[in-house]
Amino acid sequence: MAEDGGGGPEVTQDLRIPWDEDPGDLYEHAPCGYLTTLPDGTIVKVNETFLAWTGYERAQLIGQRRFRDLLSAGDKIYHETHYAPLLSMQNDVHEMAFDLVRADGRRLPVLVNSTLGRDPAGLPRVIRTMILNATERRGYEKELLAARRGAEASERRVRVLQQIVADLAAAPTEAEVADAVVRAPGPAFGAVSATVWLADRDRDRLTAVAGTDSGALSRDDIPRDSSRPIAEVARRGDLHVIGSLQEADEHFPELAATMRRTGRGTVVLLPLTAAPAEDPGAVEVLGVLCFDFAEPHELTDSELRVVRLLGHQAGQALDRARLYDDARRRETRAIFLAGTTRALEMLPRLLPRARALVERIVPEIAEWAAVRLQVGPAGLLADAGGPAPDPVRLADRVAQVLLDGEPQLTDDKDFDTGCAVLPLVANGRVFGTLALRMPPDRRTAAAEAGFLSDLADRAGLALENARLYEQERAIARTLQRSLLAADRPSDPRFAVETHYQAAAHDLEVGGDWYDAFLITPDKLAVVVGDVVGRGIDAATTMGQLRSAIRALASAEAGPARLLERLDRFVERVESARMATVAYVEVDLASNQMVYACAGHLPPLLAEPGAPPRYLLDGRSGALGSRAGRQARIEHRTQLPPGSRLLLYTDGLIERRTRRIDAGFEVLARTYAGKRDSPLPGLTAALADMLVGQEHADDVCLLCLALGTERRLERSIGADPVQIALLRKDLRGWLVSHGVDDDSTQAVLLACSEAVANAIEHGYRNDPLGVVDIVATVSAESVDVTVTDHGVWVSPEEDGPRGRGVQLIRQVMDQLAFEHGDGTTVTMRRIRREAQP
């Protein structure tokens, strides 16, 4: 051994050991495991230490397993995503933590260091890996992690109240504030359960709104003047801690019973307070937080300070939330009012609008609502929800509101708490009332006075507009009916059947119309037209055009010249511009027809023995149109006896869902199927088959038949105006069959009286009723039946109309009544030539 100048050994050289070191033994029994693997991970060499740690035999590993095969499932993924890529890029990895799966299935925590050897070409050749046992290290790590988690839990408990304060600052509503507050006592103080009661200023009571344990304490509303501890805390505004069952027994026996039932040892009642804006020095209790402990728990001074701070912070948050709730409630109410206004505007009729109003109010605003309007002889009532208040006391309030026009909003516990009655006013006149009852869990009517007043104002305006609309609609309908119900010519050489059907869905009166009149004793004119627009203006224009056509028609003019004159007429009547007209003249002596169409749909002609065909000649533009052909043209054709000509408006065939050609085909096919049907009711049947009751446009039809009906069948509405039309129709039919004048007058009188009785007695409460009249004639007699389907009251016992039956008996030879589904009156008159 070499020595330095000081006489000591040379420490830079290896010291000799007194035995020979075996490199193979050093490899096999090293304090770490060694693995040699191919680049794909196949194990080619392993030391004894690794085998001892893992429990494998050498033969189980060499050439049989790859290194990744010894890893746990999760570590296999880590091997693929981290270990292998890093080793390939860096040629070595250090202290990667893995779990090896031993031969017996247990896991061995290890740290892995690996180097990648490459050949002269730089390609991977061998991987040498050192395995370090990390079992004890992993235990130390777990202990450190547990200690860290304990410290974090302690810190988290300290932050609970800070988080609650932050949650309260962010809570916009009372409900969210209550949810935030009720979560605090558990993590902050170890409380078992908590409940929040909020003060209801409108009803002067406390209502439970949030809780962590529904069975811990009673949740029923508590009057503020109650003797229960929660109410006492709300009145006094002081923190109250009930530390034991003995204390509860002494002061609050009811609470003591609840504590025993739920197994509670201590209850804390914390007032949630804020300073009112009008008196900053005062304290207002906005709610009470109640939380409890399973065992008796004595709060420390620091805990009490935190509890009081929580009550103050929660009170301030509730105060802010109430302001926010008020603003949001105003916004919600404004949205409701705007939506209600829009919804009512969609319904023009009065009764549907009143029903829609109460159906919107219930249940969104109230649990019961009713609208009463002083319109018509019986008034109007629409209600929704329930149960309804006492009718007698409600009637008293309604009468008082109608008398003085002041709303009745005072809550009357003897009546029905929350029931309010408001006037509906239009043009300074009270014409109805809106009554409603607020749900018990919402604000009272008095608290909602401003909103309800606004609602009543809007409702009154909407309902008055609907009433005016119906009034205008009724005027237009009456005008239209009076025009359509004008005298129709009666002649044995022809018959005319008409039908008008107004649009469904409560639309305004349209401008569809028809007319039939004799220009000369041997020349008949029939016309169907459609005026642009709706309402009274359309009905008025329709009447003007109808009168103009009657005035301009002459034996010499013809259809084409008449349309030219109408063009000049509409230049002075702008509302008639673009109206369409189908005009037909028939020479009754020769059965020759001349027609012209001004923008109107073509007439449909059904000749005996031939399929129906559309008359497509004689066409020109709508009245007053300045486009297309200016000269009016007409077409002439011969009508064989038994022909039927149908004039109609576009509502019969036009649909948005199909082409108009398809509508023409459907009408022709349907008309052909009704070829042999009696003329009475034919047009109504066509309308029913083609459009039904749900349609968006008016429908107007006129059918002209050449020839005399053997059997007269008529159906008229329960309207006395229709009796005069029936008499005209019946008179012409009797004359055409050669019935003598005395019998004709007798049948006309008896039929008129019978129909009048049916309208007055059968349909006294149903203005939409229908009276059916059937008349037949033979060589010996004329037989007439009048049938209604109303509720009949015997005319002999019901006022002046009872004399009508006596009159019928005097002029008719036989009279019989049959009561069943309505009443049928059967009458017979013996013809003069058949009398003895």
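The structure presented is a predicted model; accordingly, all values stated were derived computationally and were not measured.

**Concerning the packing of helix α11 (residues 301-345) against helix α12 (residues 350-361)**
Reasoning step 1: The N-to-C vectors of α11 and α12 enclose an angle of 155°; their axes lie 9 Å apart at closest approach. Considering the angle they form, α11 stands roughly antiparallel to α12. The element α11 and its partner α12 pack so that their crossing is right-handed. Residue-level inspection shows Phe336, Gly339, Thr340, Ala343, Leu344 and Glu345 of α11 in contact with α12, the latter providing Arg353, Ala356, Leu357, Arg360 and Ile361.
Reasoning step 2: Grouping the amino acids of the contact of α11 with α12 by side-chain chemistry returns 6 nonpolar, 2 polar and 3 charged.

**With respect to the pattern of salt bridges**
Reasoning step 1: Applying the stated criterion across every chain, the model contains 32 salt bridges.
Reasoning step 2: A salt bridge links Glu464 to Arg467, with the shortest nitrogen-to-oxygen separation between them at 2.7 Å. On the criterion of helical spacing, the pair formed by Glu464 and Arg467 is a turn pair, its members being 3 residues apart in helix α14 (residues 449-484).
Reasoning step 3: Measuring nitrogen to oxygen at the nearest pair gives 3.7 Å for the salt bridge that ties Asp742 to Arg832. On the criterion of sequence distance, the pair formed by Asp742 in helix α20 (residues 741-762) and Arg832 in the segment after β31 (822-830) is long-range, its members being 90 residues apart.
Reasoning step 4: Residue Arg832 is classed as partly exposed on the basis of its relative accessible area of 48%.
Reasoning step 5: In the salt-bridge network here, residues are joined through shared partners; they are Asp99, Arg107, Arg137, Arg138 and Glu141.

**Here's the deal with the confidence of the model for the chain**
Reasoning step 1: The pLDDT averaged across the chain works out to 84; a share of 87% of its residues lies at or above 70.
Reasoning step 2: Segment residues 413-417 is flagged for pLDDT under 50; beyond a separation of four residues in sequence, or across chains, it makes 13 contacts in the model.
Reasoning step 3: Low pLDDT, under 50, characterises residues 795-801; the stretch is placed with 16 contacts to residues that sit more than four places away or in other chains.

**Re unusual backbone geometry**
Reasoning step 1: Geometrically, the link from Val362 to Pro363 is a cis peptide bond, its omega value of 5° lying close to zero.
Reasoning step 2: A cis geometry characterises the amide bond from Gly386 onward to Pro387, with omega recorded as 0°.
Reasoning step 3: Phi at Met578 takes a positive value of approximately 70°, unusual for a residue other than glycine.
Reasoning step 4: Within the secondary structure, Met578 is located in the loop between α16 (558-572) and β19 (580-587).
Reasoning step 5: We note that Asn591 has phi near 60°; this positive angle belongs to a residue other than glycine.
Reasoning step 6: Relative to the helices and strands, Asn591 resides in the loop between β19 and β20 (592-598).

**As for helix α17 (residues 660-673)**
Reasoning step 1: With 14 residues, α17 extends 20 Å from end C-alpha to end C-alpha; this agrees with the ideal 20 Å at 1.5 Å per step.
Reasoning step 2: Among the residues of α17, those classed as buried are Gly663, Phe664, Leu667, Ala668, Thr670 and Tyr671.
Reasoning step 3: As for α17, its buried residues are in contact with β21 (604-606), β22 (613-614), β25 (644-648), α18 (682-690) and β26 (699-706).

**Structural notes on the sheet that holds strand β28 (residues 770-777)**
Reasoning step 1: Spatially, the 5 strands line up as an open sheet ordered β27-β28-β29-β31-β30, and their pairing is antiparallel. Edge positions in the open sheet fall to β27 (711-717) and β30 (814-820), since each of these has one partner strand only. Sheet twist, expressed as the average angle between the axes of neighbouring strands with direction ignored, equals 15°.
Reasoning step 2: Sitting on the sheet, helix α19 (residues 721-736) is in contact with β27, β28 and β29 (781-788), with an inclination near 175° to β27.

**Observations concerning the environment of Trp792**
Reasoning step 1: Looking at the element boundaries, Trp792 is found in the loop between β29 and α21 (802-811).
Reasoning step 2: Along the backbone, Trp792 and His819 are 27 residues apart, and their C-alpha atoms lie at a distance of 8.2 Å.
Reasoning step 3: For Trp792, the residues in contact, after removing those within four places along its chain, are Asn757, Ala758, His761, Gly762, Phe817, His819 and Thr823.

**Examining the sheet that holds strand β15 (residues 429-437)**
Reasoning step 1: Strand order in the open sheet made by the 4 strands is β13-β12-β15-β14, with antiparallel pairing throughout. Of all strands in the sheet, those bounded by a partner on one side alone are β13 (380-385) and β14 (419-426). Across the sheet, the mean angle separating the axes of adjacent strands is 15° when strand polarity is ignored.
Reasoning step 2: The sheet strands contacting α12 are β12 (368-373), β13 and β15, and the helix crosses β13 at an angle near 25°.

**Focus: the packing of α19 against α20**
Reasoning step 1: At their nearest, the axes of α19 and α20 sit 10 Å apart, and the two run at 150° to each other. What the angle tells us is that α19 and α20 run roughly antiparallel. Two packed elements cross with a definite hand, and for α19 against α20 that hand is right-handed. Side by side, α19 and α20 meet where Ile723, Leu726, Arg727, Leu730, Arg731 and Leu734 of the first sit next to Thr744, Gln745, Val747, Leu748, Leu749, Cys751, Ser752, Val755, Ala756 and Ile759 of the second.

Conventions used here
- Residues numbered from 1 in each chain as written.
- Predicted model: local features only at pLDDT ≥ 70, side-chain atom pairs only at ≥ 80, totals over all residues.
- Heavy atoms only, no water.
- Axes fitted to C-alpha atoms, helices over the stretch in contact; angles between N-to-C directions.
- Helix = DSSP H or I, 4+ residues; strand = E, 2+ residues; numbered from the N terminus.
- Parallel < 35°, antiparallel > 145°, perpendicular 65-115°, else oblique.
- Left-handed = near helix turned anticlockwise from the far one by under 90°.
- Contact = heavy atoms within 4.5 Å.
- Nonpolar A, V, L, I, M, F, W, Y, C, P; charged D, E, K, R; others polar.
- Salt bridge = Lys/Arg side-chain N within 4 Å of Asp/Glu carboxyl O.
- Buried < 20%, exposed > 50% of the residue type's maximum accessible area, 1.4 Å probe, protein only.
- pLDDT = per-residue confidence, 0-100.
- Expected span 1.5 Å × (residues − 1).
- Pairing = 2+ DSSP bridges.

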